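Topology and contacts: notes
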Amino acid sequence: QLQLRESGPGLVKPSETLSLTCTVSGGSISSSDYYWAWIRQPPGKGLEWIGAIYYSGSTYYNPSLKSRVSISVDTSKNQFSLKLNSVTAADTAVYYCARDFVVPDFWGQGTLVTVSS
Amino acid sequence: DIQMTQFPSSLSASVGDTVTITCRASQGISNYLAWFQQKPGKAPRSLIYAASSLQSGVPSKFSGSGSGTDFTLTINSLQPEDFATYYCQQYSSYPRTFGQGTNLEIK
């Protein structure tokens with residue numbers, strides 16, 4: 001059974017870098033069938049697609065975040081990661097990782113990241 | 001970016017009712033449209049892709065239709081577990097974009 005789990009600090013200071021890792025179990029991140037995505041949801045608001053990565057390292061980013069975001073993959077650990085720099089309170093959200101097979105079909109439980117001093 | 005607009009933004013219905021949610025794209029997206037269900041405190045669940053194809057394990061009470069710019073999600077015979085927020089998403093181009101959500105509440 002495929003599972004995805006987000007991990008990382010729940011509190012980040014303004015202007016610093018948010019770093020999260022998604023660990024994939026029950027399946028290989030190196031499968032040629034899937035992209036692996038990050039999606040976020042500010043409290044009480046809708047969903048925002050952040051970006052996605054293929055096992056080869058090919059990436060797509062949301063232009064609204066592109067200058068601040070980086071997604072990487074570590075196939076040896078079956079993990080992919082998100083870095084978002086220069087964060088502000090507007091980046092406070094639940095961050096989800098997901099397998100993207102045409103559309104995100106398996107999601108992690110999500111992790112709340114709060115940006116506050 | 002392709003803008004996705006859902007309506008209504010909220011909807012009240014009773015158990016047993018049939019409801020329809022609409023999603024409109026700012027430009028044609030063929031049938032590259034998905035629907036998700038989200039319950040409070042939970043991750044979204046994929047229901048439909050390619051506008052009308054059900055994900056594995058999704059009951060047939062959910063159905064989708066549309067092509068181009070206008071799409072609908074219909075839920076038949078509402079049960080208590082169906083009351084949730086529903087989102088559409090286009091995957092015709094990057095960045096993927098979601099509608100703002102439709103909150104389906106019990107009347």
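Scoring rules and cut-offs
- Residues numbered from 1 in each chain as written.
- Chains lettered and ligands numbered in written order.
- Predicted model: local features only at pLDDT ≥ 70, side-chain atom pairs only at ≥ 80, totals over all residues.
- Heavy atoms only, no water.
- Helix = DSSP H or I, 4+ residues; strand = E, 2+ residues; numbered from the N terminus.
- Rg over C-alpha atoms; globule rule 2.2 N^0.38 Å.
- Buried < 20%, exposed > 50% of the residue type's maximum accessible area, 1.4 Å probe, protein only.
- Contact = heavy atoms within 4.5 Å.
- Disulfide = S-S within 2.5 Å.
- Pairing = 2+ DSSP bridges.
- Axes fitted to C-alpha atoms, helices over the stretch in contact; angles between N-to-C directions.
- 1 Å grid on protein atoms, 1.4 Å probe; cavity = no way out; pocket = protein on both sides within 12 Å on 5 of 7 lines; lining within 4 Å.
- Points joined across faces, edges and corners; volume = space filled by probe spheres on them.
- Nonpolar A, V, L, I, M, F, W, Y, C, P; charged D, E, K, R; others polar.
- Buried area = accessible area lost by both parts, 1.4 Å probe.
- Salt bridge = Lys/Arg side-chain N within 4 Å of Asp/Glu carboxyl O.
- Polar contact = N/O pair within 3.5 Å; in protein donor to acceptor, adjacent residues only side chain to side chain.

In terms of helices and strands, chain A carries zero helices and eleven strands. Whereas a compact globule of 117 residues would reach a radius of gyration of roughly 13 Å, chain A reaches 13 Å, a difference of no more than 12%. Dimensions of chain A, computed from the C-alpha atoms along their principal axes, are close to 40 × 25 × 25 Å. With 117 residues in all, chain A has 47% of them scored as buried. Here the analysis covers contacts within chain A between residues at least 6 apart in sequence; of these, 51% occur between residues at least 24 apart.

All names here are of chain A. This model, assessed by the stated rule, comprises two disulfides over all chains. Each sulfur of the disulfide joining Cys-22 and Cys-97 lies 2.0 Å from the other. One quick way to see it: the torsion about the S-S bond of Cys-22 and Cys-97 is about 60°, and its sign makes the bridge right-handed. Here the residue Cys-22 occupies a position in strand β3 (residues 18-25), and Cys-97 occupies one in strand β9 (residues 93-101), the gap between them amounting to 75 residues.

Turning to the sheet that holds strand β7 (residues 69-74) of chain A, a few remarks are in order. Residues and elements named next belong to chain A. The four strands lie next to each other as β1-β3-β8-β7, forming an open sheet whose pairing is antiparallel. With one partner strand each, in any of the chains shown, β1 (3-7) and β7 form the two edges of the open sheet. Here the strands of the sheet are splayed against their neighbours by 20° on average, with no regard to which way each runs. Bridge count for β7 against strand β8 (residues 79-84) is six bridges, and the pairing is antiparallel. Directly across from Asp-74, in β8, lies its bridge partner Gln-79.

Here we take up the side chain of Gln89(B). Within the secondary structure, Gln89(B) sits in strand β9 (residues 85-90). With a relative accessible area of 1%, Gln89(B) lands in the buried category. In contact with Gln89(B), not counting residues within four places along its chain, are Val103(A), Pro104(A), Tyr32(B), Leu33(B), Ala34(B), Phe36(B), Arg96(B), Thr97(B) and Phe98(B).

Let us now look at the layout of surface pockets. The computed volume of the largest pocket comes to approximately 250 Å³. If you trace the largest pocket, you find 14 residues lining it, with Asp105(A), Phe106(A), Trp107(A), Pro44(B) and Arg45(B) closest to the centre. Where the lining of the largest pocket is concerned, the elements lending two or more residues are β10 (103-107) of chain A together with β5 (45-49) of chain B. Residue contributions to the lining of the largest pocket peak at three residues, all from β10(A). What the second largest pocket holds in volume is close to 210 Å³. Gln41(A), Lys45(A), Gln38(B), Pro40(B) and Tyr87(B) are, among the 14 residues lining the second largest pocket, the residues nearest its centre. Its residues assigned to classes, the lining of the second largest pocket comprises six nonpolar, five polar and three charged.

On the side of chain B, 17 residues touch chain A, which itself brings 17 residues to the contact. Interface area for chain A against chain B, summed over the two sides, is near 1500 Å², with a carbon-plus-sulfur share of 68%. The interface formed by chain A and chain B includes zero salt bridges. One can count four residue pairs in polar contact (both at pLDDT 80 or more) joining chain A with chain B. Secondary-structure elements contributing two or more residues to the side of chain A that touches chain B are β4 (35-41), β5 (48-54) and β10 of chain A. Here the residues of the side of chain A that touches chain B are counted per class, giving ten nonpolar, four polar and three charged.

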